[in-house]
Structure formats: structure tokens, C-alpha cells
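# Overview (structure and organization)
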Amino acid sequence: MNVTPGSCTAEMPYGYQPRMRALYIATELVIAVLAIIGNFLVCLAVSRNKELRTVTNYFLVSLSVADILVGLVAIPCAVLTDLGRPHHDLPLCLVLLSILMVLTQSSILSLVAVAAERYMAILLPFQYQRVMSPRNAQLALLVTWGLGAISGTVPLMDWKRQPANSDYCIFTCVVDMNYMVYFNFFCCLVVPLVAMLVIYGHIFLTVRHQLRRIAVARGTAKDPRAGTDDIGSSFAEGTTGGGADIVTGRQARDEVGKCEGEVRAGEEVESGIGSLIETETTTAFTKPGFRITSAGSAPADPPPRESNEAKSNRRTRQEMRKATSLFLVLFLFMVCWMPIHLINCVLLFCPQCDVPMSLTLAAILLSHANSALNPILYAYRMRSFRYTLIGMWRGMWSVRPKRQ
């Protein structure tokens with residue numbers, strides 16, 4: 001696949017078979033159609049279901065809009081550049097090649113915003129409502145798209161320094177690999193990915209510790225005379241080593257109250273503008289006007305059907321499920337985009353290495369396929385999206401009036 005400056009002038013540098021090119025273009029078109037339809041349904045679900053209009057889902061809608069634009073604009077541009085078009089027009093060529101990079105950066109920053117929002121909702125519930133207001137969410141969306149546009153159009157800002165002898169609009173002919181590797185990959189992809197992995201890792205460890213505290217405190221509150229062996233056996237599956245602290249019954253009850261108070265704080269916050277991805281379970285016990293009580297004290301208005309201990313445990317596990325679903329979105333993005341960036345690293349650091357054209361095309365298709373796979377992940381992992389889409393599908397067939 002390696003392209004030398006001289007090979008970009010006389011003829012198409014990619015001398016692969018027409019059959020391979022036809023298969024590549026056909027696959028790109030299928031991915032584009034699936035990306036447009038799937039992400040449009042995600043946006044439609046959020047617009048139809050008021051309970052889905054939350055801060056988290058606003059960022060997911062931003063990600064869906066970027067994926068729709070990938071299908072509408074970026075993939076057609078990729079097909080054109082695959083054919084070497086436009087000829088002898090370097091500025092227009094750079095515009096076409098920069099579109100996908102802009103959308104990629106916007107997607108990355110949207111995922112960063114989702115991770116930050118989840119961090120605030122789970123670990124800083126008292127500050128959540130003040131920081132993650134709808135206005136601040138809209139501002140964050142503008143910032144993500146603005147930074148994405150700036151970082152993705154860097155080649156356009158210095159287009160006069162691009163090789164002027166590139167007659168064909170081929171990516172490796174007109175885009176500097178130093179920009180793609182050092183700036184686009186290391187700075188704009190690796191750094192945000194590492195930051196998000198740290199955020200989700202902290203969330204998982206904190207929620208896991210919270211569940212262990214509730215389990216230990218609950219078991220000790222029921223049997224104050226229980227020893228370390230009984231306590232350790234109650235949560236042996238969730239520990240990585242070490243024993244449990246021995247607490248008295250009064251301390252255990254205080255511990256349960258403290259844990260429940262923290263969890264109820266998250267419930268109070270999210271009853272207004274927080275994330276309600278799992279709508280069916282969240283709205284069942286997130287009630288307006290629920291008063292937060294001090295640690296260890298009795299709740300002002302206990303729920304009639306579910307104890308506070310069960311509710312707090314259920315709530316914490318639900319937050320873990322939300323974070324896991326969003327982490328899978330991040331993991332899928334990383335898996336789909338990492339191969340093409342690694343190929344760019346090979347082209348820069350090992351110019352004499354020969355990268356097969358079939359491998360490069362497969363990596364390009366995998367990166368574009370991420371836009372079509374996200375809606376499937378939403379429908380599979382997030383019940384509220386799944387139930388809303390099923391309801392919309394059933395409504396299409398039941399809306400017709402019956403003739404008498």
C-alpha cells in the first residue's frame with residue numbers, strides 16, 4: 001500500500017483489482033444505509049419518549065448525529081477519494097478527507113462528555129444538578145463539536161504546504177502522516193481514551209466498594225455478634241483479598257444509613273435532570289419530593305413496597321449497569337478505530353514495510369462500521385431504548401383506524 005510522492009502523479013497509486021474495489025464500495029454503501037437508519041431511530045426514540053430526554057442521552061444523540069453524518073457525508077467522500085477524485089484540486093480533496101476526521105473527533109469528545117456526566121451522577125451526586133444542567137449540557141455539546149471541527153481541519157489550515165504534485169486525491173498522498181500519528185492519534189485519540197478508561201475504572205471500583213459496604217453493614221446489623229468469618233463469607237465473591245473490619249450493630253446500622261443516604265442523594269438529583277437510561281426501573285422508585293435524610297436516620301417517607309436497603313442496593317447495581325453499557329460503547333469505538341491508526345503508525349515509522357491493501361481496506365471498513373454498530377448496542381444493552389423502539393414499531397401497525 002505504501003505510496004511514494006512520485007507515484008501520486010502519473011497514475012492511480014492503488015493498483016488493486018477492480019473486483020476488490022467494487023466489493024469495498026458496496027460494503028461502504030451498506031454500512032452507510034445501516035448507520036443512517038439506525039442512528040435516526042435513536043434520535044427519533046429520544047424525541048418521542050420524554051423520559052429519554054436526559055443529559056446522558058443528549059450526548060448519545062450527539063454521537064448519533066455524528067454517525068448519521070458519517071453515513072450521509074463521510075462515507076460518500078471516502079468512496080470518492082478511493083476512486084482518486086477530485087483530480088487536480090488539492091483544497092477540495094483536503095475538505096473531503098477532513099470531514100471524517102471532524103466527525104471522529106466530535107464522537108470522541110461526546111464519549112468524554114458521557115464519561116464525565118456519569119462520573120458526576122454516580123460519585124458527586126450533590127454537585128450533579130448544579131453542574132450538569134440542561135444549559136451546561138448544551139454548552140458542552142457546542143464545545144465538543146467546536147473542538148472537533150478545529151482539530152479535524154488542521155490540514156486545511158496549512159494546505160499550501162501539502163504536496164502540490166498529487167494529481168489524485170489519495171489519503172496518504174495529501175495528508176501528512178506526522179499529523180495523523182502525533183496529533184490525530186496520540187493527542188486526540190489516545191489521551192481521551194486513557195482519560196475515559198481511568199474515569200470508568202474509578203466508577204467501577206467505587207460502586208463495587210459501595211456494594212461491599214452495604215452488604216457487610218447489612219449482614220452485621222442483622223447479627224451484631226457475627227465474626228469476621230461470617231462477614232467475609234457474605235461477600236467473598238466480590239473481594240480481591242484481605243478481611244473485613246469487625247463493626248458493632250450500631251456502627252453497621254450507621255454504615256447502612258450512610259450508604260443509603262449517598263444513594264438517595266443520587267436518586268434525588270436524577271429525578272430532575274439526571275440520566276434515566278434504564279427508565280423502567282429508575283422511575284419506579286425515583287419520586288419527586290423525596291427528602292434526603294441524614295446518615296443513619298430513618299427516611300421521612302419510606303416507600304410502601306420496597307425497603308430502603310433493597311432500594312439502595314438496587315440503585316447502586318443499576319448505576320453499575322449504566323456505566324457498563326456506556327463503557328461498552330467506548331470499548332466498541334476503540335476496537336473499531338484502533339486498527340487504521342496503527343496502520344498509519346506503521347506507514348510513518350516503517351516506510352519500507354509493505355501493508356497489504358486488503359488489510360487497509362478492512363481497517364477502513366471497520367472504522368466506518370462503528371457508526372452502524374452503536375444503535376445495535378443501545379437497543380441490546382439499554383432497556384429504555386429497546387422498549388421505546390419496540391413501542392414505536394408496534395405503533396406503526398396499530399395506528400391505522402379499524403374500519404367498521
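Whatever comes next refers back to the structure up there.
Below, the structure is looked at part by part. (Residues numbered from 1 in each chain as written. Predicted model: local features only at pLDDT ≥ 70, side-chain atom pairs only at ≥ 80, totals over all residues. Heavy atoms only, no water.)

## Things to note about the overall build of the chain
Summing up its helical and strand segments, the chain has 14 helices and zero strands in all. When the helices and strands of the chain are read in sequence order from the N terminus, they spell out α-α-α-α-α-α-α-α-α-α-α-α-α-α. Each of the 404 residues in the chain was classed as buried or not, and the buried ones make up 47%. Across the chain, every contact between residues at least 6 apart in sequence was considered, and the portion connecting residues at least 24 apart equals 83%. (Helix = DSSP H or I, 4+ residues; strand = E, 2+ residues; numbered from the N terminus. Buried < 20%, exposed > 50% of the residue type's maximum accessible area, 1.4 Å probe, protein only. Contact = heavy atoms within 4.5 Å.)

## Thoughts on the packing of helix H2 (residues 55–82) against helix H13 (residues 357–381)
Between H2 and H13, whose axes approach to 10 Å, the crossing angle comes to 155°. By the criterion of interaxial angle, the relationship of H2 to H13 is roughly antiparallel. In this structure, H2 crosses over H13, and the sense of that crossing is left-handed. Note on element contacts: H13 touches H2 through Leu361, His368, Ser371, Asn374 and Tyr378, opposite Leu60, Leu63, Ser64, Asp67, Val70, Ile75, Ala78 and Asp82. (Axes fitted to C-alpha atoms, helices over the stretch in contact; angles between N-to-C directions. Parallel < 35°, antiparallel > 145°, perpendicular 65-115°, else oblique. Left-handed = near helix turned anticlockwise from the far one by under 90°.)

## Regarding a nonpolar patch on the surface
Judged by side-chain polarity, Leu139, Leu142, Val143, Leu147, Ile150 and Met157 come together as a nonpolar surface patch covering roughly 620 Å² of accessible area. The dominant element in the nonpolar patch, judged by the number of residues it contributes, is helix H5 (residues 134–152), at five residues. Tracing the backbone through its elements, the reader meets leucine 142 in helix H5. By relative accessible area, which is 64% here, leucine 142 ends up exposed. (Patch = residues over 30% accessible without salt bridge, like charges linked within 9 Å, V, L, I, M, F, W, Y side chains within 5 Å. Areas by Shrake-Rupley, 256 points an atom, 1.4 Å probe, with all protein chains shown as cover. Salt bridge = Lys/Arg side-chain N within 4 Å of Asp/Glu carboxyl O.)

## Observations concerning the environment of tyrosine 179
Here tyrosine 179 is to be found in helix H8 (residues 177–222). Expressed as a C-alpha distance, the spacing of tyrosine 179 and valine 154, which sit 25 residues apart in the sequence, is 8.5 Å. With sequence-adjacent residues up to four places away left out, tyrosine 179 is seen in contact with Met101, Ser151, Gly152, Val154, Pro155 and Asn184.

## A look at the state of the cysteines
Two cysteines form a disulfide when their sulfur atoms are joined by a covalent bond. Counted under the stated rule, the structure contains one disulfide. Here cysteine 350 connects covalently by a disulfide to cysteine 353, the sulfurs 1.7 Å from one another. Looking down the S-S bond of the cysteine 350 and cysteine 353 bridge, the torsion is 65°, so its handedness is right-handed. (Disulfide = S-S within 2.5 Å.)

## A closer look at the pattern of salt bridges
The final tally for this structure, using the stated rule, is one salt bridge. Close ionic contact of glutamate 117 with arginine 118 constitutes a salt bridge, the shortest N to O distance being 3.0 Å. Relative accessible area serves as the criterion here: at 0%, arginine 118 is assigned to the buried category.

## Concerning the side chain of threonine 104
Position of threonine 104 relative to the elements: it lies in helix H3 (residues 90–123). Not counting the four nearest positions on each side in its chain, threonine 104 is found in contact with Phe333 and Trp337.

## Comments concerning helix H14 (residues 383–398)
Here H14 spans 22 Å end to end across 16 residues, near enough to the 22 Å set by a 1.5 Å rise per residue. Those residues of H14 not exposed but buried are Ser384, Phe385, Thr388 and Met392. Along the axis of H14, the buried residues cluster in a sector spanning 95°; they form a single face. In H14, the exposed positions angled more than 90 degrees off the buried face are occupied by Trp393, Arg394, Trp397 and Ser398. (Expected span 1.5 Å × (residues − 1). Arc of directions from axis to C-beta.)

## Observations regarding the side chain of serine 151
Here serine 151 is to be found in helix H5. Within the structure, the side chain of serine 151 is placed 3.3 Å from the backbone oxygen of glycine 148, a separation counted as a polar contact. In this structure, serine 151 is in contact with Gln105, Tyr179, Phe183 and Cys188, ignoring residues within four places of it in sequence. (Polar contact = N/O pair within 3.5 Å; in protein donor to acceptor, adjacent residues only side chain to side chain.)

## Some remarks on the environment of tryptophan 337
Relative to the assigned elements, tryptophan 337 resides in helix H12 (residues 308–349). Along the backbone, tryptophan 337 and leucine 189 are 148 residues apart, and their C-alpha atoms lie at a distance of 9.4 Å. Those residues in contact with tryptophan 337 that lie beyond four places of it in its chain are Leu100, Thr104, Ser367 and Asn370.

## What to know about the packing of aromatic side chains
The way to describe two aromatic rings as a pair is by their centre distance and the angle between their planes. Counting across every chain of the model gives 10 aromatic pairs. Relative to phenylalanine 183, the ring of tyrosine 179 has its centre 5.6 Å away and its plane inclined at 25°; by these criteria the two rings are stacked. On the criterion of helical spacing, the pair formed by tyrosine 179 and phenylalanine 183 is a turn pair, its members being four residues apart in helix H8. Judged by its relative accessible area of 10%, tyrosine 179 is buried. Classification of phenylalanine 183 by relative accessible area gives partly exposed; the value is 30%. A network of ring pairs unites the aromatic residues Tyr182, Phe185, Phe186 and Phe349 as a single cluster. (Phe/Tyr/Trp six-rings, centres within 6.5 Å; stacked < 30°, edge-to-face > 60°.)

## Thoughts on the nonpolar core
Core analysis: the biggest nonpolar cluster contains 85 residues, and Val174, Tyr378 and Phe385 have the highest contact counts within it. No other element matches the 16 residues that H3 contributes to this core. (Core = buried A, V, L, I, M, F, W, Y, C linked by side-chain atoms within 4.5 Å.)

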